[in-house]
Amino acid sequence: MKPLNLFRAIALVFFTFCSTILFAQQLTQTVRGVVMDNLSSQPLPGVNVIVYGTNPLIGAVTDMDGQFRIVNVPIGSQTLIIQYTGYKTGTIQNLEIKSGKEMVLNIPLEEDIAAMGGVEIVAESDKQEAVNSMSGTSTRTFSVEETQKFAAAINDPGRMALSFAGVQSTDDGNNNISIRGNSPFGLLWRMEGVDIPSPNHFAAPATSGGGISILSSQLLSNSDFMTGAFSAEYGNALSGVFDLKLRKGNNEKREYTFQAGFMGIDAAVEGPIRKGYDGSFLINYRYSTLSLLSNIGVNVGDGITNFQDLSFHVYMPTKKSGTFSLFGFGGLSDQQFKAESDSSKWEYRSDREQGKYVSNTMMAGLKHLYIINDHHYIQSIISGSGVSIGYELKEYDDDVRFQETYNERFEQRKLTYNTTWNWKKNARHHFRTGVYLNLHQFNLYKNYLDELTNEWLKPLDASAQMRTAQAFSQWKYRITDRLQFLGGLHFITVLDNGTYSLEPRGSLKYTTNNSHTWSAGYGLHSQVQPIGVYHGESINDQGYRVKYNENLEMNKAHHFVVGYDHRISKFLHAKLEAYYQHLFNIAVEDKIGSSLSSLNMEYDFILEPFNNKGLGRNKGIELTLEQFTKNGLYFLLSGSIFQSEYKAMDGKWHNTRFNSGRTCTFTGGKEWKVGKSDKHKTLGVNLRLIYTGGLYATPIDLAASVDAGTAVYDETRPFSEKAPDYMRADLKISLKKNKVKTNSTLSLDIQNVMNRQNIGGRYFNAEKGLIETWTMVPLIPVLSYKIEF
């Protein structure tokens, strides 16, 4: 189908839906939840929760368990005011109340140290405040609404984060992100307090991204995203952290969500475990095949691509033994390429080849939270995860018989136990201490057929285990109501080779008034090398296989950050941050004159011998101007100017692959109430404009490549060839409709709406003897319909 006909068909469906009109009717919903102390997690009784702007005013008071219920709240965008003596007044803005789902909230309140002296200061909560109250600088919260609303985010935290300052895509065909010029490998994923494997379909070894997120937005609650100098409880990361929180299912009534579209089907169910019990469950399943997009003429690459996933959260409170939560996810994804069986149609070697790529990921955890008293609670988690990634390639010979030419498989299992103790001494002092123990088991192999000798080579063949341990302790000291200090230590060690790192962290935040906030932070951070790197082997002079990287140390970095945040109005703020990162102890190829550095790794294992003599440096300035939703309008303008360089064994400073130099992103949208009189329909238009400098690559030596019959790179000029600047526009149009007990959304989400052909890089075509370019993702329309009831 031609693109023009495709858009005519989509437009017909979309505007037919828009043209339906409902009769006028007042629709309402129930808002309920729990209010608790943000540090001790202790429920707060007697808290006033008010729906701002209602006439007559409606609200509720929390009971002895901190629970509240407000009935007959009008649908649409609402604001809650939460007031309690001795605590700062909380404000939750832009709550989207839907007729098909109850709004169930967990609301943390911060104790006001000024009130300890008998004076109550009213301060509105800030959307920029992190969910984790012990997070430091360079942290912002993000909501489920943002992953659903932002154009081309497609419910994916990684793609959503492209709207934030200092974040850029390394290839828009996946959700790999580079933060402040660092490799995507430097990103840590955490869920409910435990580190997890990359929660993405089509993930490659030694990377944090993939094709698309395994996690459904149905499961996520407000979460944190950190881009540098993170607090002491986070370790084994150099660039950033996604700290994901899960929402609980409705514990009073069964609710359902169903979505269907070009990306497949998505279904969720939630409800009480049994009648009269406060426990709940939430389960989401998704199945997708990109064949649907291929069938309507959208180029999503060669091959047949399928994926499916399941995610869940079961909440089980007890009367005396605390609360238990069972949570996890699993994703299956594969991509198959079929060879042409008719030899008369063979034009290139790729016509003969048949391959299959498989990437499967799972994780499950059991969390126990026990509140000892008003000042202490302990949280413990045991979790298990597994990743299996494989690729096999076959090729027809001249007699049209298959011959295997390449095979690799990376399997990793991880068992984790962690426990965290929290002590809120008073409103000024809060302490948190924890221990993480990890057991990694893995099977790694890679072999291929050497075309010159016709012999199989096996550069990687390892089956073993590795043990790591981490510990931290941190202290939050609210010196005054305006001045706050956060400090701590993180310790990490690889028990098998004895390497370790002791890392001090600290930050200061000073608010001159309710409009101006200054901050500064420092952290020493480290990251364990990808497991496969430790098991690269060679044959020594005596004929024995030797692991030359088994004693390799961790990559390390000093992070320095200063920031200023100006709250221009209730809905508008501007933020400026400057940073410097000194990277040291970096793994680089152990060869005089080599420019190979682990800082340029995007995925996969590098198996050459390494040492820890490499360096790196990242520095930049970031600016954010953000308007939270007001009268249906929101926008986020972010930009950064930065430099990212590295030094390897050649002793020279070079651009890293990710040194694009600049990024600028505008994300915004507007919603209008539509309809003759009921106003139960909302039309939304969302836009995202992305501009970044091009990424760097090492030039291909054409003459040498032609002679060798394969790509040969000019290593005398590493990462000196810059791709053209990257520009992309994304557009999302949605129509939300509320009916009695149901609500629905029809949306058209278009990535790269102008169909710009962004250059991804260059490669050597051996069959043509030419250097050619490849382009990134073209225009991709995703039409979907969701109903909640």
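Reading the values: rules and limits
- Residues numbered from 1 in each chain as written.
- Predicted model: local features only at pLDDT ≥ 70, side-chain atom pairs only at ≥ 80, totals over all residues.
- Heavy atoms only, no water.
- Pairing = 2+ DSSP bridges.
- Helix = DSSP H or I, 4+ residues; strand = E, 2+ residues; numbered from the N terminus.
- Buried < 20%, exposed > 50% of the residue type's maximum accessible area, 1.4 Å probe, protein only.
- Axes fitted to C-alpha atoms, helices over the stretch in contact; angles between N-to-C directions.
- Salt bridge = Lys/Arg side-chain N within 4 Å of Asp/Glu carboxyl O.
- pLDDT = per-residue confidence, 0-100.
- Contact = heavy atoms within 4.5 Å.
- Polar contact = N/O pair within 3.5 Å; in protein donor to acceptor, adjacent residues only side chain to side chain.
- Core = buried A, V, L, I, M, F, W, Y, C linked by side-chain atoms within 4.5 Å.
- Phe/Tyr/Trp six-rings, centres within 6.5 Å; stacked < 30°, edge-to-face > 60°.
- Patch = residues over 30% accessible without salt bridge, like charges linked within 9 Å, V, L, I, M, F, W, Y side chains within 5 Å.
- Areas by Shrake-Rupley, 256 points an atom, 1.4 Å probe, with all protein chains shown as cover.

Participant: Tell me about the sheet that holds strand S12 (residues 194-195), and please be specific about residues and values.
Facilitator: Read across the sheet, 5 strands follow the order S8-S15-S16-S11-S12 without closing on themselves; strand pairing throughout is mixed. Whereas interior strands pair on both sides, the edge strands pair on one side only; in this sheet they are strand S8 (139-142) and S12. Direction of pairing for strand S11 (residues 187-191) relative to S12: antiparallel, over a ladder of 2 bridges. Within S12, the residue paired with methionine 191 across the bridge is valine 194.

Participant: Please set out unusual backbone geometry residue by residue, giving values where relevant.
Facilitator: The residue after asparagine 55, namely proline 56, is reached through a cis peptide bond having omega 0°. Mapped onto the secondary structure, proline 56 falls in the loop between strand S2 (48-51) and strand S3 (58-61). Phi is positive for asparagine 72, which is not a glycine, with a value near 60°. Tracing the backbone shows asparagine 72 in strand S4 (residues 67-74). On the basis of relative accessibility, which here comes to 51%, the residue asparagine 72 falls in the exposed class. Look at glutamate 192: it is not a glycine, yet its phi comes out positive at around 55°. Mapped onto the elements, glutamate 192 comes out in the loop between S11 and S12. Taking relative accessible area as the criterion, glutamate 192 reaches 8% and is therefore assigned buried.

Participant: Describe the sheet that holds strand S1 (residues 28-37), listing the residues and the values that go with them.
Facilitator: If you trace the 3 strands from one edge of the open sheet to the other, you get S4-S1-S7, paired in mixed fashion. Pairing within the sheet leaves two strands with one partner each, and these edge strands are S4 and strand S7 (103-109). Put simply, the sheet's adjacent strands are angled 25° from each other on average, direction ignored. Sheet analysis places S1 next to S4, joined by 6 bridges and oriented antiparallel. For valine 34, the partnering residue across the bridge sits in S4 and is glutamine 67.

Participant: Please give an account of the pattern of salt bridges that cites residues and values.
Facilitator: Per the counting criterion, the structure on display carries 43 salt bridges. Notably, a salt bridge pairs glutamate 602 with arginine 657, separated by 3.1 Å at the nearest N-O pair. Taken as a pair, glutamate 602 in the loop between strand S33 (572-589) and strand S34 (610-630) and arginine 657 in the loop between strand S36 (653-655) and strand S37 (662-674) lie far apart in primary sequence, 55 residues in all. With respect to class, glutamate 602 is no different from arginine 657; both count as buried. The salt bridge involving glutamate 772 is made with lysine 768; its shortest N-O contact spans 3.3 Å. For glutamate 772, a relative accessible area of 19% gives the class buried.

Participant: Mind laying out the pairing of strand S38 (residues 681-692), listing which residues take part and the relevant values?
Facilitator: Across 12 bridges, S37 lies against S38 in antiparallel orientation. Each bridged residue has a counterpart across the sheet, and for glycine 668 the counterpart in S38 is leucine 687. Bridge count between S38 and strand S41 (residues 726-739): 12 bridges; the pairing is antiparallel. Bridging from a neighbouring strand, leucine 683 pairs with leucine 735 of S41.

Participant: Mind laying out the confidence of the model for the protein chain, listing which residues take part and the relevant values?
Facilitator: Chain-level pLDDT for the protein chain is 89 on average; 93% of the residues reach the 70-or-more range. Below a pLDDT of 50 lies the segment residues 1-24, which in the model reaches 36 contacts outside its immediate sequence neighbourhood of four places, other chains included. Overall, residues 116-125 carries pLDDT values under 50, and its contacts beyond four positions in sequence, including any with other chains, amount to 21 contacts.

Participant: Please provide a residue-by-residue account of the environment of tryptophan 346, values included.
Facilitator: Relative to the elements of secondary structure, tryptophan 346 occurs in the loop between strand S21 (323-337) and strand S22 (353-371). Judged by its relative accessible area of 16%, tryptophan 346 falls in the buried class. As a C-alpha pair, tryptophan 346 and glutamate 110 span 236 residues in sequence and 69 Å in three-dimensional space. A polar contact of 2.8 Å, which involves the side chain of tryptophan 346, links it to the backbone oxygen of glutamate 340.

Participant: Could you give me a rundown of the nonpolar core, with the residues and numbers involved?
Facilitator: Membership of the largest hydrophobic core comes to 34 residues, with the highest contact counts inside it found for Phe164, Val167, Ile177, Phe225 and Phe242. When contributions to this core are tallied by element, the ones reaching two or more residues are strand S10 (177-179), S11, strand S16 (240-244), S21 and strand S35 (633-647). Among the elements that make up this core, the one with the highest residue count is S11 (3 residues). Counting 22 residues, the second-largest nonpolar core is a separate cluster that includes Ala206, Phe410, Phe442 and Leu460.

Participant: Give me the side chain of glutamate 395: which residues, what numbers.
Facilitator: Here glutamate 395 is to be found in strand S23 (residues 376-396). A relative accessible area of 13% places glutamate 395 in the buried class. Sequence-distant contacts of glutamate 395, defined by excluding residues within four places in its chain, comprise Arg349, Arg352, Glu353, Arg401, Phe402, Gln403 and Thr405.

Participant: Explain the packing of aromatic side chains to me, and be specific about the residues and the numbers.
Facilitator: Within the structure shown, the criterion is met by 21 aromatic pairs. Ring centres 5.9 Å apart and planes at 35° place the aromatic pair tyrosine 436 and phenylalanine 472 in the tilted group. With a gap of 36 residues between them, tyrosine 436 in strand S25 (residues 429-449) and phenylalanine 472 in strand S26 (residues 456-478) connect regions that are remote in the sequence. When sorted by exposure, tyrosine 436 lands in the same class as phenylalanine 472, which is buried. Aromatic pair tyrosine 646 and phenylalanine 719: ring centres 6.1 Å apart, planes at 85°, arrangement edge-to-face.

Participant: Tell me about a nonpolar patch on the surface, residues and numbers included.
Facilitator: On the surface, a cluster of nonpolar side chains totalling about 580 Å² of accessible area is made up of Leu326, Leu366, Ile382, Leu415, Tyr417, Val435 and Leu437. Looking at the nonpolar patch, the elements that each hand over two or more residues are strand S24 (402-424) and S25. With respect to the helices, strands and loops of the structure, isoleucine 382 is situated in strand S23. The class for isoleucine 382 is partly exposed, based on a relative accessible area of 45%.

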